[in-house]
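Chains, contacts and geometry: an overview
Now for the letters of each chain:
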Amino acid sequence: MAVAETKRAIYEGTRIPSPIPSVLQVDPGLREEGDILEVNFGPNHPSTHGVLRLIVELNGEKVVGLQAVVGYLHTGFEKNMEAKTYWKAITYPERIDYVSFQNNELVFVLAIEKLLGIEPPPKAQWMRMLLCELNRIHSHLVWLGTAALELGAISMFWYCFRERDAILDLFELVGGVRMHTRYFQAGGLAEDIPQGFYDECRAFADTMEKRVDDYEALLSGQAIWLERTKGVGLLSAEDAIALGQSGPVLRASGVDWDLRKVQPYLVYDQVDFEVPVYPNGDVYDRYKVHMDEMRQSTRIVQQALHGMPEGPWIVDDRKIVLPPRHELHTSMESLIHHFKLVTEGYRVPEGEVYVTVESPRGELGCYLVSDGGPKPWRVKFRAPSFVALEATATCMSDALVADLIAIVGSLDTVMGEVDR
Amino acid sequence: MREPWWIDVIKAAVIVNIVMLSFAYATWLERKVLGRMQLRYGPNRAGPYGLLQPIADLVKLIRKESFSPTHAIDLLYFAAPVVAAFTALAAFSVIPFGGVWEIGGYEVSGRVADVSIGILLIFALGAIGIYAFLVGGWASDSKYSLLGSMRTAAQLVSYEVSLALSVLGVVIMAGSLSLVDIVERQQETLWYAAPQIVGLLVFFVAGVAETNRPPFDLPEAETELVAGYQTEYSGMRYGLFAMAEYVNMITLSGLAVTLFFGGWSGPVLPGPLWFVVKLALVVFVFMWLRATLPRLRYDQLMQVGWKVLLPVATLNAVVTAIVVVYA
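Conventions adopted
- Residues numbered from 1 in each chain as written.
- Chains lettered and ligands numbered in written order.
- Predicted model: local features only at pLDDT ≥ 70, side-chain atom pairs only at ≥ 80, totals over all residues.
- Heavy atoms only, no water.
- Helix = DSSP H or I, 4+ residues; strand = E, 2+ residues; numbered from the N terminus.
- Expected span 1.5 Å × (residues − 1).
- Contact = heavy atoms within 4.5 Å.
- Phe/Tyr/Trp six-rings, centres within 6.5 Å; stacked < 30°, edge-to-face > 60°.
- Buried < 20%, exposed > 50% of the residue type's maximum accessible area, 1.4 Å probe, protein only.
- Lys NZ or Arg CZ within 6 Å of the ring centre and 35° of its normal.
- Buried area = accessible area lost by both parts, 1.4 Å probe.
- Salt bridge = Lys/Arg side-chain N within 4 Å of Asp/Glu carboxyl O.
- Polar contact = N/O pair within 3.5 Å; in protein donor to acceptor, adjacent residues only side chain to side chain.
- Nonpolar A, V, L, I, M, F, W, Y, C, P; charged D, E, K, R; others polar.
- Core = buried A, V, L, I, M, F, W, Y, C linked by side-chain atoms within 4.5 Å.
- 1 Å grid on protein atoms, 1.4 Å probe; cavity = no way out; pocket = protein on both sides within 12 Å on 5 of 7 lines; lining within 4 Å.
- Points joined across faces, edges and corners; volume = space filled by probe spheres on them.
- Pairing = 2+ DSSP bridges.

1. Points about helix 4 (residues 118-139) of chain B
Residues three or four positions apart in an α-helix share a direction because the helix packs 3.6 residues into each turn. Residue and element names in this part refer to chain B. With 22 residues, helix 4 should cover 32 Å at 1.5 Å per step; its first-to-last C-alpha distance of 32 Å lies within 8% of that length. On its buried side, helix 4 packs onto helix 3 (74-91), helix 5 (143-166), helix 6 (168-174), helix 7 (179-188), helix 8 (197-210) and helix 10 (235-260). Among the residues trailing helix 4, Asp141 stands out with phi positive, at a value near 55°.

2. Overview of the packing of aromatic side chains
This structure, assessed with the given rule, holds 22 aromatic pairs over all chains. Taken together, a centroid distance of 5.7 Å and an interplanar angle of 50° make the contact between Tyr284(A) and Tyr287(A) tilted. Placement of both Tyr284(A) and Tyr287(A) in helix 14 (residues 283-307) is noted, with a separation of 3 residues, approximately one turn of the helix. Classification of Tyr287(A) by relative accessible area gives buried; the value is 1%. Where Phe203(B) meets Phe260(B), the ring centres are 5.5 Å apart and the plane angle is 50°; that geometry is what we call tilted. Residue Phe203(B) is found in helix 8, and its partner Phe260(B) is found in helix 10; the two are separated by 57 residues along the sequence. Each member of the pair Phe203(B) and Phe260(B) is classed as buried. Members of the aromatic cluster, each reached through a chain of ring pairs, are Tyr77(B), Phe78(B), Phe133(B), Tyr233(B) and Phe241(B). The cationic tip of Lys261(A) hangs over the ring face of Phe273(A); the distance from NZ or CZ to the ring centre is 4.2 Å. Sitting over the ring of Trp158(A), Arg40(B) keeps its end group 4.5 Å from the ring centre.

3. Here's the deal with the interface of chain B and chain A
It is common to give the size of an interface as the accessible area lost on bringing the parts into contact. Taken together, the contact pairs 26 residues of chain B with 35 residues of chain A. Surface buried jointly by chain B and chain A totals about 2,800 Å² across both partners, of which 62% is contributed by carbon and sulfur atoms. Linking chain B with chain A are 1 salt bridge. If you look at where chain B meets chain A, you find 10 residue pairs in polar contact (both at pLDDT 80 or more). Among the secondary structure elements, those contributing two or more residues to the side of chain B that touches chain A are helix 1 (5-37), helix 5, helix 9 (222-225), helix 11 (271-292) and helix 12 (298-326) of chain B. For the side of chain B that touches chain A, the residue count by class is 13 nonpolar, 4 polar and 9 charged.

4. Focus: helix 8 of chain B
Residues and elements named next belong to chain B. Taking 1.5 Å per residue, 14 residues should reach 20 Å; helix 8 reaches 19 Å between its end C-alpha atoms and fits that length. Counting buried residues in helix 8 gives 10 out of 14 residues, a clear majority hidden from the surface. Burial in helix 8 covers these residues: Gly199, Leu200, Val202, Phe203, Phe204, Ala206, Gly207, Val208, Ala209 and Glu210. Against helix 4, helix 5, helix 10, helix 11 and helix 12 lie the buried residues of helix 8.

5. A word on the environment of Pro96(B)
Residues and elements named next belong to chain B. Counting through the fold element by element, Pro96 comes out in the loop between helix 3 and strand 1 (98-103). Distance in space between the C-alpha atoms of Pro96 and Pro272 is 9.0 Å, their sequence separation being 176 residues. With sequence-adjacent residues up to four places away left out, Pro96 is seen in contact with Gly110, Arg111, Leu179, Val180, Val183, Thr258, Trp264 and Phe275.

6. Topic: the nonpolar core
In this structure, Phe108(A), Ile112(A), Leu130(A), Leu131(A), Leu134(A), Leu144(A) and Tyr346(A) are the most contacted members of the largest nonpolar core, which totals 90 residues. Among the elements that line this core, the one with the most residues is helix 7 (residues 122-150) of chain A, at 14 residues. Judged by nonpolar contacts, the second largest core, of 76 residues, contains Ala26(B), Val94(B), Met243(B) and Leu296(B).

7. Looking at empty space enclosed by the protein
Per the counting criterion, the structure on display carries 3 cavities of 30 Å³ or more. Size it by volume and the largest cavity reaches roughly 260 Å³. Lining the largest cavity are 20 residues, and of these Ile122(B), Gly126(B), Glu210(B), Asn248(B) and Leu252(B) lie nearest its centre. The residue makeup of the lining of the largest cavity, split by class, is 12 nonpolar, 6 polar and 2 charged. The space that makes up the second largest cavity amounts to roughly 60 Å³. Lining the second largest cavity we find Trp143(A), Ala147(A), Glu150(A), Leu151(A), Trp225(A), Thr229(A), Val283(A), Tyr287(A), Ile405(A), Ala406(A), Gly409(A) and Ser410(A).

8. A few points about the pairing of strand 3 (residues 62-69) of chain A
The pairing of strand 2 (residues 53-59) of chain A with strand 3 of chain A spans 7 bridges and is classified as antiparallel. Looking at strand 3 of chain A, one finds that Glu57(A) is bridged to Gly65(A).

9. Some details on the side chain of Gln300(B)
With respect to the element layout, Gln300(B) can be found in helix 12. Residue contacts for Gln300(B): discarding those within four places in its chain leaves Glu227(A) and Arg228(A).

10. Notes on unusual backbone geometry
Phi at His180(A) takes a positive value of approximately 50°, unusual for a residue other than glycine. Within the secondary structure layout, His180(A) lies in the loop between helix 8 (155-175) and strand 4 (184-185). Positive phi outside glycine occurs at Leu39(B), with the angle close to 60°. Note that Leu39(B) resides in the loop between helix 1 and helix 2 (53-63).

Limitation: the analysis is restricted to geometry and does not speak to function.
As structure tokens, then:
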């Protein structure tokens, strides 16, 4: 079962199905022959992550037409945030992409901080980076488990969820909640890092290194897995850029672009890590990028544990941050601050900002407009999942039904983020 | 004294129930094995070690509404699962599980039917069983079912060729199509797993494909076609399809044990027990594969069948024939 290397070669130039890049249109000649079977995949279908609906046109087993229908999970988060004070609105971005919640939380908090013009203390910066990298591992584990499950390697799902559970335990240790922690807030962290966290986290990072190798041995060592992923769902660098791709999808097409390197935020410029880039633009390379990123994230976690500075975890600004609890009994001023913050929230200067971070799925942006009041005037997220979904049709040339599942899986879309 | 007809009837009734019981516990075993391999416990609520789980499942399936689509073609839609279950159960009748015992002056043999062309009968019944999957999927008037049926037909037809050719080596060595003769020849010489290792491998791979088990479970690939040809079946009609698949797997494992691992023969323990132990081991391998391997794609499946298994099986049969004739 030698992998057809000739088929694997990535194409040059563009293959975007025109005129609408996100729709694969059936060749009219083929349609006249009358052999086209239109099948509806989803919104309830075992292979879709969440509620993606694909209208697929099949010629035998071959996919000749494809349209994605989104919107089944639209929740109006962005609009709802306009009705909440900033410090309550922080809970919303986490629920937009419920798999990479810390990163979504971070981008909104960074946007508020940029408008406020405050810089959180170093300890908060390092801790944010550590948690975001743990969250990246978490997100990639969920991706690996479900993507392998879709290709029939069912056991991977449980192996990945074992480590995912360990990460969620760490989040629970830090923030008291397993998902949607709301641990970041404007000015720093919600609470100090609890005792015992470093030891637990170090133990996890040590096992994680070995576990990634195990997973890769289990999948990359299998001829069937290679056959199913190599040369499937090709996307050239040119097309990936034209379609606005980012994150693992872009890096698997051979473009070296990672916001953590090219536009460092937090303290990513103080840690040593590599950006995995693979040249073939197929499902296999997307899988490799995910695996390598888990390794690199583990490295960052270890360095963050090593380099974590001492000091305050939040800025000392009573207009933005709640005063320490014990001061409320003795200081009238603290009590007033506390009352004002809880009832009205802090006011953010008028202005608009766009902040981006590298989420596990790619470039996650937050566009925030403030009218000077305590509530955001408008919030808009640039969702990498939504952009990745647009590449489905382009990846789909010469694909069979089974490839469709592999390709949609490899693009790593979270429907909550697509529909928002 | 030869067996009178009523002994055959009793044996048939006993065996068919044992096979159905082993189907029930094969589902339990599969869930336990998969559970353990996947860091879970598997069923452990109904009875000790979840041993009553198959019975709970049966009660659930029987009590469920047997839904049928409005546009289904009634007769074919209802007949398909029955045919599937019938052919699967009937095929087990020729597999020998023991020698000949003397009971009350009668010679009772360890098989339901002693047919001189046992192998051919199993394959013939299997071929009829394909119609059930094909017709059932087509008659339920659903696109997923239709796609599943198409895949089933293509897959089973191509792998049946390799399956039949892979046992040709054993047949040539034993000089008989009767499964009893084949086991007795192995008792005289050695288990055919050793000289026919190539045949065994081809037989096993083709057998996994023939029973729609992972990694060849394309006809019912859950993440692609929801449930393939059985998408529109529910209640006990679905249960009959599931039974057909498990019984096919058990029959095929029984055939593997008979052809390559000496059937019921073995030291100390009585024959039927040996047969069950070997059978359980083969069934375990089926489950192991499911926990480990991803699913093949349709075109790759065809390639493996026609370009790898078929030439290898043919070559194996030819080489065996030459060796048997000239050595």
